[in-house]
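# A closer look at the structure
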Amino acid sequence: MHYVYFLWSTKLGKIYIGESTDVINRLDYHNRGLQRYTKCGIPWKLIRFVNFKNRKEALGEEKRLKKCKNKKYYKYYLLENGKKIKPPNSGVSLDQVGI
């Protein structure tokens with residue numbers, strides 16, 4: 001299973017969209033500063049994620065979403081497709097990120 005995930009940086013006030021097979025480990029990777037692009041936004045919090053059957057589908061959706069850059073669409077997309085991670089206090093709500 002592959003996932004497209006949405007992260008939020010309070011420090012930057014920005015959303016980051018990525019793809020992974022393990023969302024929790026990938027979030028940890030971002031928060032340890034090992035990803036050059038996200039290093040300056042630490043700490044990152046998981047908003048939600050969407051699962052896909054294979055990597056090709058997930059990467060295609062990640063690319064499409066990154067081109068979109070429309071917070072209202074992100075909110076609609078996540079409400080329709082997104083899954084919250086458990087435990088609930090490990091993430092952030094859509095309202096908290098302004099989408």
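The structure under discussion appears in the preceding block.
What comes next is a walk through the structure.

Conventions we followed
Numbers given for residues are sequential positions, taken from 1 along each chain in its written order. Owing to the predicted nature of the model, reporting of local features is limited to residues with pLDDT of at least 70; listing and counting of side-chain atom pairs is limited to 80 or more, with chain, interface and lining totals taken over all residues. Where side-chain values are given, they derive from all heavy atoms of the structure, hydrogens and water being excluded. Both site types are read off a 1 Å grid over the protein atoms alone. A 1.4 Å probe that fits but cannot get out defines a cavity, while an open set with protein on both sides within 12 Å along at least five of seven lines defines a pocket; lining residues have an atom within 4 Å of a point. Grid points are joined across faces, edges and corners, and a volume is the space filled by probe spheres set on the points. The helix and strand labels rest on DSSP assignments: H or I over at least four residues marks a helix, E over at least two residues marks a strand, and numbering proceeds from the N terminus. Residues were grouped as follows: Ala, Val, Leu, Ile, Met, Phe, Trp, Tyr, Cys and Pro as nonpolar; Asp, Glu, Lys and Arg as charged; and all remaining residues, including Gly, as polar. For every residue, the accessible area obtained with a 1.4 Å probe (protein chains only) is divided by the maximum for its type, and the residue is called buried under 20%, exposed over 50%, and partly exposed between those limits. Two strands pair under a simple rule: DSSP has to find at least two bridges between them. Geometry is summarised by axes, namely lines fitted to C-alpha atoms with helices restricted to the contacting stretch, and by angles between N-to-C directions that run from 0 to 180 degrees. Throughout, a contact is declared for two residues whenever any of their heavy atoms are within 4.5 Å. Centre distance within 6.5 Å is the pairing criterion for rings of Phe, Tyr and Trp, where only the six-membered ring of Trp is used; planes under 30 degrees apart are then read as stacked, over 60 as edge-to-face, and the remainder as tilted.

## Some thoughts on the layout of surface pockets
One number sums up the size of the largest pocket: a volume of about 380 Å³. Residue lining of the largest pocket: 13 residues in total, with Lys14, Ile15, Tyr16, Tyr37 and Lys69 positioned closest to the centre. Listing elements by their share of the lining of the largest pocket, those giving two or more residues are β2 (14-20) and α3 (71-81). Of all the elements, β2 adds the most residues to the lining of the largest pocket, at four residues. Taken together, the residues that form the lining of the largest pocket break down as eight nonpolar, one polar and four charged.

## Here we look at unusual backbone geometry
Isoleucine 42 connects to proline 43 through a cis peptide bond whose omega is 5°. Within the secondary structure layout, proline 43 lies in the loop between α1 (23-31) and β3 (44-52). Backbone geometry places lysine 69, a non-glycine residue, at a positive phi of 50°. Residue placement: lysine 69 occurs in the loop between α2 (55-68) and α3. The exposed category is assigned to lysine 69, whose relative accessible area is 69%.

## What to know about the sheet that holds β3
Strand order in the open sheet formed by three strands is β2-β1-β3, and the pairing between neighbours is antiparallel. For this open sheet the edge positions go to β2 and β3, each flanked by a neighbour on one side alone. Neighbour-to-neighbour, the strand axes of the sheet open up by a mean angle of 20°, direction not taken into account. In the packing of α1 onto the sheet, the strands contacted are β1 (2-9), β2 and β3, and the crossing angle to β3 comes to about 145°. Across the sheet, α2 lies against β1, β2 and β3, angled at about 165° from β2, the strand it touches most.

## A short note on the packing of aromatic side chains
Counted by the stated rule, this structure contains eight aromatic pairs. Judged by centre distance (6.4 Å) and plane angle (45°), the ring pair of tyrosine 5 and tyrosine 16 falls under tilted. Separated by eleven residues along the polypeptide, tyrosine 5 in strand β1 and tyrosine 16 in strand β2 bring together distant segments of the chain. Judged by relative accessible area, which is 1%, tyrosine 5 ranks as buried. Ring geometry for tyrosine 16 against tyrosine 37: centres 5.8 Å apart, planes inclined by 40°, an arrangement best described as tilted. Linking tyrosine 16 in strand β2 with tyrosine 37 in the loop between α1 and β3, this pair joins segments that are 21 residues apart in sequence. Ring-pair connections join several aromatic residues into one group, and the members of that group are Phe6, Tyr73, Tyr74, Tyr76 and Tyr77.

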